[in-house]
Amino acid sequence: QVQLVESGGGSVQSGGSLRLSCAASGYDFSRYSMQWFRQAPGKQRELVAGITSSGSTNYADSVKGRFTISRDNARNTVNLQMNSLKPEDTAVYYCNRPSTGWIPDYWGRGTQVTVSS
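These numbers come from a predicted model, not from an experiment.

K.L.:
Explain the packing of aromatic side chains to me, and be specific about the residues and the numbers.
P.N.:
Using the criterion set out here, one finds 4 aromatic pairs in the structure. Each ring, one from Tyr94 and one from Trp107, has its centre 6.3 Å from the other, and the planes form 85°; the classification is edge-to-face. Taken together, the residues Tyr94 in strand S9 (residues 91–97) and Trp107 in strand S10 (residues 106–107) connect sequence positions 13 residues apart. Under the relative-accessibility criterion, Trp107 is labelled partly exposed at 32%. The rings of Tyr27, Phe29 and Tyr32 are connected pair by pair, giving a single aromatic cluster.

Now the structure itself:
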């Protein structure tokens, strides 16, 4: 069975950094794209960053230049390095494996990131 477990969340001051990790299991990790989403109170869930099986990346405009997504296929992990954090980055961050054809997507349980001013 597919399982995604996030870690690395916490509380930091504006301008600080955090590194989130997502440990994946139960499937051939290297064959799938992976994504990070976030959801802040009162806001819709948004795509933060994605990385394909070949290593191509994409980012939301709000985090470009500050966040970096990467993957380590040998360890079955996808990471999100977050620098120059702002209070508006405060949210629960979720690891996601996108759906493919009839196969549904999968989600981790989320990890809280809080950025204070």
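K.L.:
Talk me through the pattern of salt bridges; I want residue IDs and the actual numbers.
P.N.:
Tallying each qualifying case throughout the model produces 4 salt bridges. Of the charged contacts in the structure, one is a salt bridge between Asp89 and Arg38, with a shortest N-O distance of 2.9 Å. One end of the pair, Asp89, is in the loop between strand S8 (77–82) and S9; the other, Arg38, is in strand S4 (residues 34–39), with 51 residues separating them in the sequence. Looking at Asp89, the relative accessible area reads 1%, which means it is buried.

K.L.:
If you had to explain the side chain of Thr77 to someone new, which residues and values would you point to?
P.N.:
On the secondary structure map, Thr77 appears in strand S8. Among the residues examined, Thr77 registers a relative accessible area of 11% and is labelled buried. Look past the residues within four positions of Thr77 in its chain and what remains in contact with it is Cys22, Ala23, Phe29, Ser70, Arg71 and Asp72.

Cut-offs applied
- For every chain, the first residue of the written sequence is number 1, and numbering continues from 1 along that sequence.
- Owing to the predicted nature of the model, reporting of local features is limited to residues with pLDDT of at least 70; listing and counting of side-chain atom pairs is limited to 80 or more, with chain, interface and lining totals taken over all residues.
- Excluding hydrogens and water, the side-chain figures rest on all heavy atoms present in the structure.
- Between rings of Phe, Tyr and Trp, where Trp is taken as its six-membered ring, a pair exists when centres lie within 6.5 Å; planes separated by under 30 degrees are stacked, by over 60 edge-to-face, and by other angles tilted.
- Elements are defined by DSSP. Helices are runs of H or I of four residues or more, strands are runs of E of two residues or more, and each kind is numbered from the N terminus.
- Only protein chains enter the area calculation, which uses a 1.4 Å probe; residues under 20% of their type maximum are buried, those over 50% are exposed, and those in between are partly exposed.
- Here a salt bridge means any side-chain nitrogen of Lys or Arg lying within 4 Å of a carboxyl oxygen belonging to Asp or Glu.
- Working rule for contacts: check all heavy atoms of both residues, and any pair within 4.5 Å makes them a contact.

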